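Architecture at a glance
Listed below, chain by chain, are the residues.
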Amino acid sequence: MGKPGGALRRALVTGAVLLLVGLGVQVIPKLASPAHAGSITLCSGFSDCRSKGYSTGGYESAWGSMYWRMYAGRNCTNYVAYKLIQTGLPNARPWSGEGNATNWGVALSRLTNRTPTVGSVAWWHSSHPSASRFGHVAIVEKVGADTITISESNYGSDISWRRIGRDSVNYPTGFIHFNDQRLSVTKRPTVEGTAQVGKAVTVNTGSWSPNPNKIRYQWIVDKKPIPGATNKTFRIPGHLAGKQIAAVLTGTRRDYSEAKTMSQILPPIKQGTFKVLAQPKITGTQKVGSTVSVGGADYEPSAKIGEVRWYADKQLITRTKSRFLKVPAAASGKRIGAVVVGVQEGYRSKNSYAFAGTLVGGGKAPQQPAEPPSGGELAQTEAGFVKGGTRLGGLMQVDPGGFSEAVDLSYQWTREGTPISGATTEKYRPTEADVGRRLSVTVVARSSSGTLTKTYGPSGRVRVKPSVKVTATGGSREAKVAVQVTAPGYLPTGTVKITTNGGRTVTKTLSGSSAGVTFVKLPAGEYAVTAAYSGDEVAYWASGGDFTTVN
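Residues numbered from 1 in each chain as written. Predicted model: local features only at pLDDT ≥ 70, side-chain atom pairs only at ≥ 80, totals over all residues. Heavy atoms only, no water.

**Some words on the nonpolar core**
Counting 30 residues, the largest nonpolar core has W68, V80, L84, W104, V121, V137 and F178 as the members making the most contacts within it. The leading source of residues in this core is helix α3 (residues 76-86), at 7 residues. Ranked by size, the runner-up nonpolar core spans 25 residues in total, among them A195, V197, V203 and I236. (Core = buried A, V, L, I, M, F, W, Y, C linked by side-chain atoms within 4.5 Å. Buried < 20%, exposed > 50% of the residue type's maximum accessible area, 1.4 Å probe, protein only. Helix = DSSP H or I, 4+ residues; strand = E, 2+ residues; numbered from the N terminus.)

Structural data, given as structure tokens:
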């Protein structure tokens, strides 16, 4: 008997499909013809693919079994499940519910995006113009600049390979990342060197399998890239004092998904230290009313003058940033001395010393003392700083720095200049009341020589992680989507990008933390809807999603 033709053949196929679906068996009809521009069939059938050098994966001897409870035979879901099991996944469907191809990307939306990688699953939703009402899945075998190459099995036919252009109508709805062919890190990279301003630290490459063709480096602080820090070796600048850094390595290799790894996070960076290469000198006429100056100090690395303390013998005359002094009458018969304080961001201040060679008013000064003048007011010898992130619930901590003598310390944290009740220690965790506001801390140091007050801040605005709630309601050929973005102590602003798994995307501006859209003219089926909130200066980026059925 010949093959049934025309309407009779279509009726037989439809009847078989309905019977098997009624029995709870997953059946995937053949995908729409790949004859569209940008889609090229490379081989078709087990024999043809083998003869042209395209792998069949051993499916010709395996299609009679069921994988992931898919219908045994030559069809897309059973073939893809078989291929994934060969990568090491268990023969157990990783989700509950329907196994038709259209449901794969819906049930596994957390693993689905628009980025193809070798070994990922190319997925066509039933709403896709080139897919049947049951959808379609295939295995990504190669990723090019503008194309992907897939292997697939269609209902009732052997496997085939196709190359699909990104601009083709046949290009998939998305890609599901189960167990892609990816680089793996077998030994985490480590960092050598001292975490101190002015020092260089170097990250090694660790170990990878297989070895990447290229490794990119990026040093980070507070989870953010440090501009320009893209080499293995990084010399720590002053503005990172008190912060913690790490190196992120990204490995790439042809036909593999890239992999990232991070070194250990280094301890808080210590302040750098100066070395005095040459002491300063005092020049000028040593008499009352004349002007003398101090200069010539040489530091490594270079430093600027933070302060000059002028003395007459051991008596403090003045504290100033000026290199010049008009000699007062009180200095008559005494020797002028100066302490020059060298400073630079991120470095401990360093003193250098100078002494005049003669007494004020004449007379040779005794031998220059080995120690600088003593006495005077309380001084800060090491700069203080605040470390930690300004986010809700995060830990902020102030380092008061160093002082010229023993001190008693007290602290007061403020919110927009207003003292925060109970926030009187060196540590503080921002609360809901702080969200969107700027914080400062005032440190008061007291000693027998006096009181010194330092204020650090204001900080950046305290940030918060918002929640995104998506409610999708399906109807007749449409889906209504409502999005609400909320955050403790703050009304988020900005935009949300709302996307369906059919590829439709709109961007809406929040109004009172809410936004919405109605997608119309949708084919019947299951839909995954996601909303990605853009974030603003207070609220971080966040996303959410929901599922609905369009009839």
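**What to know about the side chain of H125**
Inspection of the secondary structure puts H125 in the loop between β3 (121-124) and β4 (136-143). A polar side-chain atom of H125 sits 2.8 Å from a polar atom in the side chain of S127. Of note is the side chain of H125, whose polar atom sits 2.3 Å from the backbone oxygen of E526. (Polar contact = N/O pair within 3.5 Å; in protein donor to acceptor, adjacent residues only side chain to side chain.)

**Considerations on the environment of I40**
Among the structural elements, I40 can be located in strand β1 (residues 39-44). Looking at I40, the relative accessible area reads 47%, which means it is partly exposed. The spatial distance from the C-alpha of I40 to the C-alpha of L452 is 77 Å, given a sequence separation of 412 residues. Setting aside anything within four residues of it in sequence, one finds I40 in contact with W161, R162 and R163. (Contact = heavy atoms within 4.5 Å.)

**Section: the state of the cysteines**
For the structure shown, the criterion picks out 1 disulfide. Here C43 pairs with C49 through a disulfide, and the sulfurs are 2.0 Å apart. On the sign convention where negative means left-handed, the S-S torsion of about 85° between C43 and C49 marks this disulfide as right-handed. Its relative accessible area of 0% is what places C49 among the buried residues. Free cysteine C76: the closest other cysteine sulfur is in C49, separated by 16 Å. Judged by relative accessible area, which is 1%, C76 ranks as buried. (Disulfide = S-S within 2.5 Å.)

**Things to note about the side chain of T548**
Summarising the element assignment, T548 is placed in strand β41 (residues 542-550). A distance of 2.7 Å separates a polar atom in the side chain of T548 from the backbone nitrogen of G474. In this structure T548 touches A472, T473, G474, A479, G525, E526 and Y527, once residues within four positions along its chain are discounted.

**Observations concerning α3**
Here α3 lies mainly inside the structure; 10 of its 11 residues are buried. Regarding α3, the residues found buried are C76, T77, N78, Y79, V80, A81, Y82, K83, L84 and I85. Residues of α3 that are buried sit in contact with α4 (101-107), β3, β4, β5 (147-153) and β6 (159-165). Looking one or two residues beyond α3, the residue adopting positive phi is G88, at roughly 115°.

**As for the sheet that holds strand β35 (residues 467-474)**
Within a sheet, neighbouring strands are paired by backbone hydrogen bonds and run either parallel or antiparallel to one another. Here 3 strands make up an open sheet; going across it, the order is β35-β36-β39 and the pairing antiparallel. Two strands in the sheet have a free side with no partner beyond their single neighbour: β35 and β39 (514-520). Here the average twist between neighbouring strands, direction ignored, is 15°. The pairing of strand β36 (residues 478-486) with β39 spans 7 bridges and is antiparallel. Counted as the bridge partner of A482 is G516 from β39. (Pairing = 2+ DSSP bridges. Axes fitted to C-alpha atoms, helices over the stretch in contact; angles between N-to-C directions.)

**Things to note about the sheet that holds strand β9 (residues 191-192)**
As summarised here, the arrangement of the 3 strands in space is β9-β10-β14, forming an open sheet in which the pairing is antiparallel. At either margin of the open sheet sits one strand with a lone partner, and together these are β9 and β14 (233-235). Strand direction decides the pairing type here: β9 and strand β10 (residues 200-203), joined by 2 bridges, are antiparallel. Each bridged residue has a counterpart across the sheet, and for V191 the counterpart in β10 is V203.

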